[in-house]
Amino acid sequence: PAAAAIAHSREEYYHGKLIVLAVHAGYYAIPGSGEFAADFRTTAGEEWNTDFQLIAYPSGMINRKEFNGHRVLGSEEWVTDIAGIMDQSPDLNMLILKNTYDSVSRTVNSVIYSQFLRSITGSYNITVCVMEDNIISAQDSVSIIIHNYIFNGVLRGSVNGTYGEILTASVDPSLTYLGRFSIPINSNWVPGNCSILAFVSKSDTKEIIQVIKKKVITQ
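Below, the structure is looked at part by part. None of the values given here were measured: they were computed from a predicted structure.

**Description of the overall build of the protein**
Then step 1. Of regular secondary structure, the protein possesses 3 helices and 12 strands.
Then step 2. Counting only C-alpha atoms, the protein reaches 55 × 50 × 30 Å along its principal axes.
Then step 3. Residues counted as buried form 42% of the 219 residues belonging to the protein.
Then step 4. Placing the 16 positive and 21 negative side-chain charges of the protein at their respective mean positions leaves the two points 7 Å apart.

**As for the pattern of salt bridges**
Then step 1. A complete count under the given rule lists 5 salt bridges for this structure.
Then step 2. Lys 17 is the partner of Asp 87 in a salt bridge, and the nearest nitrogen-oxygen pair spans 3.7 Å. Residue Asp 87 is found in the loop between α3 (78-85) and β3 (92-102), and its partner Lys 17 is found in the loop between α1 (2-13) and α2 (43-51); the two are separated by 70 residues along the sequence. For the pair shown, Asp 87 and Lys 17 are each scored as exposed.
Then step 3. Its salt-bridge partner being Asp 39, residue Arg 41 comes within 2.9 Å of it at the nearest N-O pair.
Then step 4. Since its relative accessible area comes to 35%, Arg 41 is described here as partly exposed.

**Here we look at the packing of α1 against α3**
Then step 1. Look at α1 against α3: their axes get within 10 Å of each other, and the N-to-C directions meet at 25 degrees. Here α3 runs roughly parallel to α1, going by the angle between their axes. For the crossing formed where α1 meets α3, the hand is right-handed. Side by side, α1 and α3 meet where Ala 3, Ile 6, Ala 7 and Arg 10 of the first sit next to Trp 78, Val 79 and Ile 82 of the second.
Then step 2. In the contact of α1 with α3, the residues fall into 6 nonpolar, no polar and 1 charged.

Reading the values: rules and limits
- Residue numbering note: each chain is counted from 1, following its sequence as written.
- Local features in this predicted model are restricted to residues whose pLDDT is 70 or higher, and side-chain atom pairs enter the listing and the counts only when it is 80 or higher, whereas totals over whole chains, interfaces and linings include all residues.
- As a rule here, side-chain values cover all heavy atoms of the structure and leave hydrogens and water aside.
- In DSSP terms, a helix is any run of H or I states spanning at least four residues, a strand is any run of E spanning at least two, and both are numbered starting from the N terminus.
- Burial classification: accessible surface area is computed with a 1.4 Å probe over protein chains only, and a residue below 20% of its type maximum counts as buried, one above 50% as exposed, and the rest as partly exposed.
- Only four residue types enter the tally: Lys and Arg on the positive side, Asp and Glu on the negative side; His and the chain ends are excluded.
- Here the site of a charge means atom NZ of a Lys, CZ of an Arg, CG of an Asp or CD of a Glu.
- Just to be clear on terms, a salt bridge is a Lys or Arg side-chain nitrogen sitting within 4 Å of an Asp or Glu carboxyl oxygen.
- Fitting a line to C-alpha atoms yields each axis, with helices limited to the stretch in contact; the angle taken between N-to-C directions then spans 0 to 180 degrees.
- These descriptions rest on fixed angle ranges, namely under 35 degrees for roughly parallel, over 145 for roughly antiparallel, 65 to 115 for roughly perpendicular, and the rest for oblique.
- In a left-handed crossing the near helix is turned counterclockwise from the far helix by less than a right angle, and in a right-handed crossing that turn is clockwise.
- Any pair of residues with heavy atoms lying within 4.5 Å of one another is described as a contacting pair.
- In this classification, the charged set is Asp, Glu, Lys and Arg, the nonpolar set is Ala, Val, Leu, Ile, Met, Phe, Trp, Tyr, Cys and Pro, and all remaining amino acids, among them Gly, are polar.

Here you go:
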């Protein structure tokens, strides 16, 4: 909870320039019994946990960039490291044009645009995820149990694989890349609390260069 408070306070402070995704993975994400039976694990989250070698919790990554030779950062480092890159000029713009939710099939159709702002080398992937806010469940906070803790920004899964799919193998700033995704919303999720999150990353290093999110149901 203390680390979540830091992350979400930064999200509020930067007014839409920072998106926090809470990934539950590793030993402490294994469900218990009774009020601790909720399972927030995902295939993508467990593979990221293994691939990026997270061994202490809570830990975080900021765009999967390295800071002082490390990608995995303790919560005490987040404020300074986020501030250090917040004003960098982006290489890419992203827009989720619309999400159209069908309540009968519990499917959302998402249209996502990406446009590079300059010529940069390398191949780039796009990963599309579902995240959910306002999940109420028990949380063990070191010395006390919070029986009705509110979990926000929880990863519910990747739509197109752990590391997504190729957006382009050769960047062309004159093009706008369009992706259409049909995304199932699990019966255990509340559609009104869910958002579609998409990010573009370097295919080789996995570093994230841009991210966008939009609620599944918009008023």
